[in-house]
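Chains, contacts and geometry: an overview
Here is how the chains run, residue by residue.
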Amino acid sequence: MSSTNRSAKSLLGLVALFLGELRDGLTMINMQSAFLISSKLYSEKQVGVMFFVFGMSQFLFQTPAGYIMDSSDRKVALLAGAALTTTALTVLTAITAKEYGENIVWMVFLKIIQGGVTALIPPGLNSITQGIVGSTGMTHQVADNEMKNHLGTAIIVLSGSLIAFYTYPNIGLLFIVSPIACAGVIFFLMRINPDDIDHDAARGLKSDTDANATDYQLASDSKEHVRAAPEDNTPTSPLELLKDKTLLIFTVICFLFHLSNGTVLPLVMQTFAVGMDHPRGGFLLSGMCIIVAQIFMVGSAKVCGDYSGRWGRKKLFLIGMFSVPLRCLILYSLVGLKNSIEAAGNDVPLALEIIILSTQILDGVGAGVFGTMYILVTSDIAAGTGRFSLTLGVTSAAMSIGGTVSGYLGQALAQDLGYQTAFMMLCILSLVPALAYTFLMPETCVMENEVKSVEVSNMESIAQNEERQVV
């Protein structure tokens, strides 16, 4: 590996570290919600409307954003512009918000714009990554990016939670973490040499090596979804891409996973807040819910990077998916126990609160595995199409709409049926994408040992041909 390539890969990791707060906008959206409710006296419904329009905007712009990234050779500039714009919109939200949501129309407008802008960030980072390391380097580099991303998120949430704790109820100062993170993104992003990015590789149009061309052939013999790389380097038409059966199945699974999992964290955070007399403590506990999950997501991303090339994508993906119903079932039992203690007029023991908090470890497994593996599976599906970012936009759009609907679904279940029943319903719902992946999705990755055996076979064939020529 050249020193230039190593330098570009290191810079990618640092960009991902600071993108922890900016990547999908959700970290700052959660902090904005706490700020608007506690400091600006917004109602939960007003904040819910802002969440909804933000998610819908992301959904509508994800696929076009992917198409833009595939078509453009100015990916670094687009990603930098998106980071700067979403940061400015976050700060503008904090500065211009009026008490009791008097300017709610303006705030909704900001969230519509912010949702559209943040849609550029995931395909931007991942297409730049693939352009630098190629498809054969994606497994380890995506895992490294995700590890850095989750670590950055944990640091930012911890900083924001501490600022909110010490400045409550005037917690607007916590938004200083947003421009600091953005400065880090821009600084390291601008140090990436544009010449290090192969834009054909970035859009998944070509193989990086002859060995990778072997991957296509091997995959086409054993996995129905993989197509050979086009000889004329012509991208697959968007319409043809959207007819891909495996892509359609995977897109539905992405939607269902986020539909069932997206609302679990907010409900866990609310179980701590219900009946709490000290809002400051609520901020810290809410922050800890995110921090615990993010720390274990770092480990999950590491495992995915080390083993998905050996074991395949499917086995690891299923571990992550089945962790969600397990988590919801445990929460169902723990919340039931907590309810019975409170009904008896007793104080909930601290040990039980800590056990409930510890279920976020499973969130670190589920969301951590999914966050890494969905990028790799999307890369596998898009290989040879020249539409990697567009494909990623499709799967990301499904995730966005799933998460948006999940937020409403979870709150409705909790309000109408109670938190305990909500967790059981989500447990049942989360089994659907897990079982669908088990029975409907093929293995999309050619394992490293298979590639090596094919390479050895090819080398032996070449050697035999050379011997015949000599004879």
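No experiment lies behind these values; they were computed from the predicted model shown.

Conventions we followed
- Residues numbered from 1 in each chain as written.
- Predicted model: local features only at pLDDT ≥ 70, side-chain atom pairs only at ≥ 80, totals over all residues.
- Heavy atoms only, no water.
- Core = buried A, V, L, I, M, F, W, Y, C linked by side-chain atoms within 4.5 Å.
- Buried < 20%, exposed > 50% of the residue type's maximum accessible area, 1.4 Å probe, protein only.
- Contact = heavy atoms within 4.5 Å.
- Axes fitted to C-alpha atoms, helices over the stretch in contact; angles between N-to-C directions.
- Helix = DSSP H or I, 4+ residues; strand = E, 2+ residues; numbered from the N terminus.
- Parallel < 35°, antiparallel > 145°, perpendicular 65-115°, else oblique.
- Left-handed = near helix turned anticlockwise from the far one by under 90°.
- Polar contact = N/O pair within 3.5 Å; in protein donor to acceptor, adjacent residues only side chain to side chain.
- Salt bridge = Lys/Arg side-chain N within 4 Å of Asp/Glu carboxyl O.

What follows is about the nonpolar core. Ranked by size, the top nonpolar core spans 85 residues in total, and within it Phe 250, Phe 317 and Tyr 437 carry the most contacts. Once you skip the residues sitting within four places of it in the chain, Phe 317 turns out to touch Phe 250, Val 369, Phe 370, Met 373, Tyr 374, Val 377 and Tyr 437. One finds Tyr 42, Met 50, Val 53 and Ala 94 within the second-largest nonpolar core, a separate group that totals 16 residues.

Turning our eyes to something else, we now look at the packing of helix H15 (residues 313–343) against helix H16 (residues 350–358). Between H15 and H16, whose axes approach to 10 Å, the crossing angle comes to 160°. Classified by the interaxial angle, the pair formed by H15 and H16 is roughly antiparallel. For the pair H15 and H16, the crossing hand works out as left-handed. Here Leu 331, Leu 334, Leu 337, Lys 338 and Ile 341 of H15 come into contact with H16, specifically with Leu 352, Glu 353, Ile 355 and Ile 356.

Another aspect to go through is the environment of Ile 401. By the element assignment, Ile 401 lies in helix H18 (residues 388–417). As a C-alpha pair, Ile 401 and His 258 span 143 residues in sequence and 8.3 Å in three-dimensional space. Not counting chain neighbours up to four residues away, the residues in contact with Ile 401 comprise Met 56, Phe 59 and Phe 255.

Looking at the element boundaries, Ser 260 is found in helix H12 (residues 245–261). Of the polar contacts made by the side chain of Ser 260, one reaches the backbone oxygen of Phe 257; its length is 3.0 Å. Not counting residues up to four positions away in its chain, the partners in contact with Ser 260 are Leu 426, Leu 429, Ser 430 and Pro 433.

Now for the pattern of salt bridges. Inspection of every chain in the model, using the stated rule, returns seven salt bridges. Notably, a salt bridge pairs Asp 144 with Lys 148, separated by 3.1 Å at the nearest N-O pair. In this pair, Asp 144 and Lys 148 both sit in helix H7 (residues 138–167), four residues apart, roughly one turn of the helix. On the basis of relative accessibility, which here comes to 24%, the residue Asp 144 falls in the partly exposed class. Ionic pairing is found between Arg 327 and Asp 363, a salt bridge with its closest N-O pair at 3.3 Å.

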